[in-house]
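Okay, here's what each chain looks like letter by letter:
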There are 2 protein chains.
Amino acid sequence: MMIKYEKLNAEEFKTEIKNILSKNDNKESIYKLSEIYDKNLPKESNIILEKELKILLEPYKKGSIGVAQINPIAGDIEYNSQKVVKYIQHAQNIGLDLVVFPELTLMGYPIEDTIDRHPIIVEENVKWLKEIAKITTKTTALVGFVEPRKYNHLTGKKYYNSVAILQNGKIEGIVRKSLLPTYSEFNDYRYIEPSPVIGNQPGNTLGDFDSEKIQKCPMTNLINGLKYGISICEDCWNNKEFFNDTTLYSIDPIDELSKENPDVFVNCSASPTRAKKEQLKHNMLSFISKKYSTPIVYVNQVGAIDNSSFDGSSRVFDKNGKLLARAKSFKEQFLIVNPHMELGKIYPLTKGLEKTLTEAKVYTLEYEPDLERTYKTIIQGIKDYFKKTGFQRAVLGLSGGLDSTVCAVLLADALGPENVFGISMPSKITSSESKSDARELAQNLGINFTEASIKEMVDTTNSCLQNLFKTVEQKWDCKYSQSFTMDNIQARSRAMFLWGISNEFAKCLPIATSDKSELYMGYATINGDMSGGFAPIADVPKTKLFALAHWLNKNREVKNAIPEAIILKKPGAELAINPKTGKPLIAEDALMPYEFLDEIIWRVENKKEHYYDMLNSEFLYESKHNVSKEQKIQWLDKFYRRMSSALYKWSILPPSVIVDSRSINKYDYKQPITSSRINYKGLDESIIEEKIKNFIDV
Amino acid sequence: MMIKYEKLNAEEFKTEIKNILSKNDNKESIYKLSEIYDKNLPKESNIILEKELKILLEPYKKGSIGVAQINPIAGDIEYNSQKVVKYIQHAQNIGLDLVVFPELTLMGYPIEDTIDRHPIIVEENVKWLKEIAKITTKTTALVGFVEPRKYNHLTGKKYYNSVAILQNGKIEGIVRKSLLPTYSEFNDYRYIEPSPVIGNQPGNTLGDFDSEKIQKCPMTNLINGLKYGISICEDCWNNKEFFNDTTLYSIDPIDELSKENPDVFVNCSASPTRAKKEQLKHNMLSFISKKYSTPIVYVNQVGAIDNSSFDGSSRVFDKNGKLLARAKSFKEQFLIVNPHMELGKIYPLTKGLEKTLTEAKVYTLEYEPDLERTYKTIIQGIKDYFKKTGFQRAVLGLSGGLDSTVCAVLLADALGPENVFGISMPSKITSSESKSDARELAQNLGINFTEASIKEMVDTTNSCLQNLFKTVEQKWDCKYSQSFTMDNIQARSRAMFLWGISNEFAKCLPIATSDKSELYMGYATINGDMSGGFAPIADVPKTKLFALAHWLNKNREVKNAIPEAIILKKPGAELAINPKTGKPLIAEDALMPYEFLDEIIWRVENKKEHYYDMLNSEFLYESKHNVSKEQKIQWLDKFYRRMSSALYKWSILPPSVIVDSRSINKYDYKQPITSSRINYKGLDESIIEEKIKNFIDV
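Numbers given for residues are sequential positions, taken from 1 along each chain in its written order. All chains are assigned letters beginning with A, and all ligands numbers beginning with 1, in the order in which they are written. Residue-level local features of this predicted model are given only where pLDDT is at least 70; pairs of side-chain atoms are given and counted only at 80 or more, and the full residue set underlies all totals for whole chains, interfaces and linings. Think of the side-chain values as coming from all heavy atoms in the structure, minus any hydrogens and water.

What about the overall build of chain A?
Quick note on the threshold: Each helix is a run of DSSP H or I of at least 4 residues and each strand a run of E of at least 2, with the numbering of both proceeding from the N terminus. Radius of gyration: over C-alpha atoms. The globule rule applied is 2.2 Å multiplied by the number of residues raised to the 0.38 power. With a 1.4 Å probe rolled over the protein chains alone, any residue whose accessible area is under 20% of its type maximum counts as buried; one over 50% counts as exposed, and the rest are partly exposed. In this description, contact between two residues means that some pair of their heavy atoms is separated by no more than 4.5 Å. The accessible surface values rely on the Shrake-Rupley method and a 1.4 Å probe; as for residues, cover is taken only from the protein chains in view. Only four residue types enter the charge count: Lys and Arg as positive, Asp and Glu as negative, with His and the chain ends excluded. In plain terms, the charge of a residue is placed at NZ if it is Lys, CZ if Arg, CG if Asp and CD if Glu.
From N to C terminus, chain A includes 23 helices and 19 strands. Over its C-alpha atoms chain A spans a radius of gyration of 28 Å, differing by no more than 12% from the 26 Å that the globule rule assigns to 698 residues. By principal-axis analysis of the C-alpha atoms, chain A measures approximately 85 × 75 × 50 Å. Within chain A, buried positions represent 67% of all 698 residues. Across chain A, contacts joining residues at least 24 apart in sequence account for 70% of those joining residues at least 6 apart. Split by element, the accessible area of chain A, about 25,100 Å² in all, is 50% carbon and sulfur. Of the charged side chains in chain A, 92 are positive and 91 negative, and the gap between their average positions amounts to 2 Å.

So, the side chain of T139 of chain A
All names here are of chain A. So the rule is basically this: For the purposes of these results, a polar contact is taken to be a pair of N or O atoms within 3.5 Å, where, inside protein, one atom must be able to donate a hydrogen and its partner to accept one; residues adjacent in sequence count only when each atom of the pair is a side-chain atom.
Mapped onto the elements, T139 comes out in the loop between α6 (120-135) and β3 (140-148). On the basis of relative accessible area, T139 is assigned to the buried category, the value being 1%. Here A91 takes part through its backbone oxygen, which lies 3.4 Å from a polar atom of the side chain of T139. If we skip the residues at most four places from it in the chain, T139 touches A91, Q92, L96, D97, L98, V99 and L166.

Digging into the interface of chain B and chain A
A common way to report how large an interface is uses the accessible area buried once the components associate. Spelled out, the test is: In this description, buried area is defined as the sum, over both parts, of the accessible area (probe of 1.4 Å) that is lost when the two are combined. A pair is scored as a salt bridge if a Lys or Arg side-chain nitrogen falls within 4 Å of a carboxyl oxygen belonging to Asp or Glu. Side-chain classes follow a simple rule in which Ala, Val, Leu, Ile, Met, Phe, Trp, Tyr, Cys and Pro form the nonpolar group, Asp, Glu, Lys and Arg form the charged group, and the remainder, Gly included, forms the polar group.
Contacts between chain B and chain A engage 153 residues on the former and 153 residues on the latter. With both chains or domains summed, chain B and chain A bury close to 13,500 Å², and 62% of this area falls on carbon and sulfur atoms. At the boundary of chain B with chain A, the tally comes to 10 salt bridges. Where E504 of chain A meets K479 of chain B, a salt bridge forms, and the shortest distance between an N and an O atom there is 3.9 Å. In this assembly, chain B and chain A are joined by 61 residue pairs in polar contact (both at pLDDT 80 or more). Each residue belonging to the side of chain B that touches chain A can be placed in one class, and the counts come to 67 nonpolar, 43 polar and 43 charged.

Description of the relation of the copies chain B and chain A
The following threshold applies: Copy-to-copy superposition: least squares on the C-alpha atoms, limited to residues that have pLDDT of at least 70 in both copies.
Rotating chain B by 180° and translating it 0.0 Å along the rotation axis places it on chain A, where the RMSD comes to 0.0 Å. One copy is carried onto the other by what is essentially a two-fold rotation axis. Minimal C-alpha distance to the rotation axis in chain B is attained by I652 of chain B, lying at 2.2 Å. When the interface residues of chain B are mapped onto chain A, 100% of them again lie at the interface, so the same face is used by both copies.

Focus on unusual backbone geometry
With glycine set apart, most residues show a phi of negative sign, and most peptide bonds adopt trans. All names here are of chain A. Here the residue pair Y109 and P110 is connected by a cis peptide bond, since its omega of 0° sits within 30 degrees of zero. Along the chain, the position of P110 falls in the loop between β2 (98-100) and α5 (114-117). Within the chain, D245 stands out as a residue other than glycine whose phi angle is a positive 65°. In this structure, D245 sits in the loop between β8 (226-232) and α7 (253-258).

A word on the sheet that holds strand β15 (residues 333-337) of chain A
All names here are of chain A. Defined as follows: Any two strands with at least two DSSP bridges between them are considered paired. Comment: axis = line fitted to C-alpha atoms, over the contacting stretch for helices; angle = value between 0 and 180 degrees taken between N-to-C directions.
The mixed open sheet is built from 7 strands, whose spatial order is β6-β5-β4-β3-β2-β1-β15. Each edge of the open sheet carries a strand with a single partner, namely β6 (200-202) and β15. Between one strand and the next, the sheet's axes are offset by a mean angle of 30°, whatever the strand orientation. Across 6 bridges, strand β4 (residues 159-167) lies against strand β5 (residues 170-176) in antiparallel orientation. Residue pairing in the sheet places A164 in a bridge with I174 of β5. Each of β3, β4 and β5 is contacted by α6, which is oriented at about 160° to β3, the strand it contacts most.

Re the environment of I688 of chain B
Assignment of secondary structure puts I688 of chain B in helix α23 (residues 685-697). When the C-alpha positions of I688 of chain B and K554 of chain B are compared, they lie 56 Å apart, and in sequence the two are 134 residues distant. If sequence neighbours within four positions are ignored, I688 of chain B has contacts with E124, K127, W128 and E131 of chain A together with L683 of chain B.

Details of the pairing of strand β11 (residues 302-305) of chain B
Residue and element names in this part refer to chain B. Here β11 pairs with strand β12 (residues 308-311) via 4 bridges, running antiparallel. Note that in β12 the partner of V302 across the bridge is D311. The loop that links β11 with its antiparallel partner β12 comprises 2 residues; one of these, D306, has a positive phi angle of about 55°.

What follows is the structure, encoded as structure tokens:
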């Protein structure tokens, strides 16, 4: 039975706190109490709690740190500041030395070009910073912000990505980010100037810092007799030794900082979760603390901003590289630590952290270790996208197929089943099993459900279009003998229904249910299933979706919500009849086996293989099935042909959560649509030589 | 009467050439002949032509340059190489010293992340480069390519953006780009390492260049006794003096190069056209050549790649900063110049080059000077997007309104009228004038036209939806009293027709007709008028569209193709009836006067003003009309509210041509969709202080 601390009156609350103190030792009591703090208590309870915590923390005071893992809203400086003030206040009330916040605390990360087009928000974040500084009379605070550089006669970009050291009621120092990532979804270098100096500079350089007047002052900052070496996110990701001499930047800020012999490193980050990254991050941070015999406190942003889902999981390593504390993943938290005294707590990140996230050399269908992270990443992605844009409800088509099914489960868990409406929209091709599977799923999930036939709409559209086609045909002699028009009309009619509901009912978004494998193949209808306000599974390949469906059935509170029949049936859009079988077309017949397709995708994204790399090595699918060379060539050709035509669809895909190590999300991967004629097979030198001769002859 | 040189037989051709030579002096003959060369002549005619050109060029040989302004396809290395080989061959046959190509010649610019995910294309571009080098036995060639850096133990990004100096049948030298832009649509820094060295390095450093083993060799390259100082695009855009001490980078490659006293600067560029940029470019290049008393040869890419339209307009300035030659805009060209001898030709860029492109301090409706550039930018954008993706035909809805009308004219001119189908799709709200205006327009343009009522579809959809809404209403008590459902059903039904035709007929794309003003306001229907394969006018504000319509009527071969009635009528989507007037709703009633709206957009984009900047200064519209403060506040509030909700729509906008100095194109401007709660008004310090106190009290 969970106690609802926020509902107790002061007397009841005091009793419960005493109860905790009597049952636990000091250290355990600190965690228990700090967890209760996160629950937005009434003022009186708060005072009781803080008093007890302060007493408990007395022996740990020197070097004590509050790790404030917050979930900001991009550009909503007031909202973000409120969180900052709350945690500074808390840290001061319980007597901590230091409270640390993630990168760009006041602005939220990423904020992108907004700071260039609307510079007023930068002015605002400086104003808030200065006012917040005034309240830091006891505890030092590290608060991230966008720092404007002086405008006239400026060399370089207009801003720094900075962390202010707020101490004694003022801005005591400023640390500026030196290494600016531009890969994946990162764009730091667009408007941010890399800092030429590592470590902190005086607070009075705010906005006016100039490399010509660098004051050589301590790079580390003294708090209660301890020296802190402060860096920002990417600044700690460039250790030559750890990355086998292959690094992105020529300087290593951590190595620079180490020369001043800090007592502890602090790194303020906003680092989104990606498959494989968690284990890498763990190893890297552990390596650094061990190498420099210095503890490291790593505070990470939590929450999703558009396509990027930040997992939090802030961490503390002792000077031997041992993990001392880890904050929760995908939740805001105020974690109290003392990196010198083994004061910390470790929350499980995902069940199979060690397994999932090391780099696999070959393709595998063993998705299990990564499924909890995948699930939580998407749940947070949906939740925050809706919350931060002011939406509350979702409507989606339930086809009885895997894609819409998994989307429905994720939406129910993210938004609450009462906020989800599943609509079964059968056409004449839809089987009765599909309809009943959809209904059963909705019942199991407790979401709203109804059935609405699209038959009438499809018939009307079709008859209107037939006339129109006849007219067009008279002028344009280029009609396909077999077109996808009918298939698409069905998908588009369904989207019409969903967008209609979104238009008619407040705060409601329709959902795009396309998955990653099918998006690679362009096997998704424009203004149909790929249209929506949000696309939850656009970065989940089909084989992983099957695994996720099994995992959901096993691990959710309500077991087996997904009818077994949905997982067992072969995926197919039920938009067309296969002339050979007389039954609805199976997607794998139109494309290729998903297991084969997903391995191509995996090899392209993770190994950067090309056509012949793949043709000349064995696929997992081939180890189980007999695949002729002709068949393999046909599939590979189809992959490259369809992928090249799918580039346009990727460009208009709704916002979605990036989950995988690599993706086709347009904020993560950029390829010109007009590059569809690339020769992915490559040519031999001798053929090139021959071709050039022919060019000359012509 | 234009002579079709490519159709003449050798004898006829020879006669025509003699004719030219007899009528013109040497210099004029060179231009005339070089223009004929661009026409893909039969082999025999080519030989005749080259022989004559070679003789004519003899006195200009030392320092003669062929400026090969080519239109590449991103990633299609064979296609691009064919152009390179053709022009190298030509340069050799007529005895030029040097032939220069734009930035990333073999790959096309931009190529974006493609080089990271598909490294085979980088291998390919190196193979082609090496083979092309072999043919450069007489003329030196500067060819741009993506240069891989050695992989193991690498510091920095994987590639350089390089230009190879092909000479004596081999890669003699390599110049690498140092300044890497990341603003607007540029992303150079994502996968490109800035070169630590200016000027050329030995050819044998290809791929293996390492800053640790810099060989100090001449930065300039000797060709026929002259020294060439070679740089790449952005490298020449950092002159401190010209930019009033406000520069993006700390080094100036041109200044470095000047120390070796080159006889001429060469800059290989891929620089897209934007309003205001042309005049800036002119002044900047002129300034540099004058400052260093060194001529500059600037070769620019032509053609559109996705959203970026490159205008070509390659230029040559003499050592006094005087424009000697300018290549055509928006056309491929092989321009023969000798920067030391005033050998050059100037083609008009736009009629009002001097007027249009200086920075305006206040908003103006004087669009005239920029209309020809706007027109040609979009025409090229459409043409190249269709050609490079393999499409040929366009279908669009003709509402009789301004947006679809201007789109129809642009498409007719870009694709040929026979490849355009305009469909009038009246609903019950559509006036008979709208229908007849659309028909008249189609006739004037000579495009295909038909009428197809959406009434039946709208009725069917509507009746299906009414039932569905009733069911949903039972669960969700959040129905709007006034929704946009009916308006949107009309727009979506029309898009259904257009996408249906696209699905049924080969190589046909539907067109999204939304304009910039309405996209800012989110006044565009998802899966409706904002859906399509391409969006031609997404970066043209409404007031400029009116000006463009007038301009088109005046300047196209067929005058007054746009019926006057279309330009005169007040824009309105004809999707709903205004309950006050009983007539179709006028857009300005739903939004605000376009002249006022467009000035807000202009101020936000160009002056980066905020809410109070605008409230407290006079708008052009206010100088003509009486606007109460309440009214102005209402419009400004509406602008920020609607813009914040429109961010999602911007993210799913189809590819479009960037035309303005600034835009909302997602590859040019990035803002998180979840940043919709930004306070654009800002707060005073005293209010912030008060708010912080309240945060603490809570």
